[in-house]
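Reading the structure
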Amino acid sequence: MAVFIESCGIFCNSFVFITTPRCYGFQQKFARFIRQSKANTIVLAGLSGSGKTVLFYQLRDGSLHQGSVTSMDPNEGTFTLHSEADRRGKVKPVHIVDVPGHSRLRPNLDDFLQKAAGIVFVIDAVDFLLNMQAVAEYFYDILTKASVVERKTPVLIVCNKTDKATAHTKEFIRRQLEKELEKLRTSRIALSAADIANEFMLGIAGQPFTFYHCHNKVTVTDASGITGEISEIEEFIRDHVIP
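The sections below set out a description of the structure shown in this document.

One pass over the structure, following the stated rule, counts seven salt bridges. Across the salt bridge formed by D61 and R60, the nearest N and O atoms sit 2.9 Å from each other. Among the residues examined, R60 registers a relative accessible area of 35% and is labelled partly exposed. Residue D124 pairs with K161 through a salt bridge whose shortest N-O separation is 2.9 Å. Taken together, the positions of D124 in strand β6 (residues 116–124) and K161 in the loop between β7 (155–160) and α6 (170–189) put the pair 37 residues apart, joining distant regions of the chain.

Here is the structure:
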C-alpha cells in the first residue's frame, strides 16, 4: 500500500521515501517508526550466572533448562511465547537473543541492539552486591550506545532469583544501581573524549542520576526463572512486539 503525506512531501511505497528538504526531521521520525514497528527482537543481556538462559527457555517452552553453561555464541530463537501457545498462528512470533554474559563473549551485542524492539537486562538479585560494579559497567555501556539512545529502545531491568530468601528487593537494586551509575558517569565525564568508547553520556549535567534521565524508558521488575514467575517479562515483550 502506498502512502503520500502531502505536507511533508513523503511518498511511501514499500517503505521507499522521496526525500525533500521540507520536514526532514519528520521524515526521520517516520522512518524510525517504520523500522521499529517491524522489529520483533528482544535482547536478553546481563552477567554470566544471572539466569538469562533459564528465562529464555521459560519464555520458549516453559522448561527450566537448569545448569549454567557458558556459550561462545548467542542463544537465540524465533517462537510464540509459551504462555501464548494456545494462540499460535494468531500472534506475532518473538525473536529472542540470549547474549553471552562474559565480557569477552559480547562482540555481537551491537548488532543485536540495532534490531531490538526491547532489552531485558537480567540481574542476579542474590549476588547483586558482589557483582554491582560489573553490572553497572555493563549496563552503562548499553544505556549509552548510539543504537539504544537514538532509537529510544525500552529497557526492562529484571531482578532475577527472587524466590531465594536472600534476594535483594527490586527497590534496593534500583537505588544502588542508580548510585553506581552516577559514580561511573562522574568518572567518565572527567576523562577526555578520546578515552571514552561510549557515543553518548548518561544523565543530566549537575543532577544526580536516575533512570528518569534516560532518553529511553527504563523500568524495573522482579522475577524467578526457576519458579516460572515471568509474567512481567512477557508483558514487556508484548508491549513492544505487537501481536
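Remark: a regular strand shows side chains that alternate across the two faces of the sheet. By the criterion of burial, β7 is predominantly enclosed, with six of the six residues buried. Residues of β7 alternate between two faces, with V155, I157 and C159 on one and L156, V158 and N160 on the opposite face, all of them buried. Strand direction decides the pairing type here: β6 and β7, joined by six bridges, are parallel. Bridge pairing in β7 links V120 to L156. Sheet topology note: the β7/strand β8 (residues 218–222) ladder contains five bridges and is parallel. Paired with I157 across the two strands is V220, which belongs to β8.

Here the focus is the sheet that holds β8. Spatial strand order, β4-β5-β3-β6-β7-β8: six strands in an open sheet with mixed pairing. The strands lining the two open edges of the sheet, one partner per strand, are β4 (75–79) and β8. Here the strands of the sheet are splayed against their neighbours by 20° on average, with no regard to which way each runs. As judged from the five bridges shared by β4 and strand β5 (residues 94–98), these two strands associate in the antiparallel manner. Note on β5: the bridge partner recorded for F79 is V94.

The rules we used
- Residues numbered from 1 in each chain as written.
- Predicted model: local features only at pLDDT ≥ 70, side-chain atom pairs only at ≥ 80, totals over all residues.
- Heavy atoms only, no water.
- Salt bridge = Lys/Arg side-chain N within 4 Å of Asp/Glu carboxyl O.
- Buried < 20%, exposed > 50% of the residue type's maximum accessible area, 1.4 Å probe, protein only.
- Helix = DSSP H or I, 4+ residues; strand = E, 2+ residues; numbered from the N terminus.
- Pairing = 2+ DSSP bridges.
- Axes fitted to C-alpha atoms, helices over the stretch in contact; angles between N-to-C directions.

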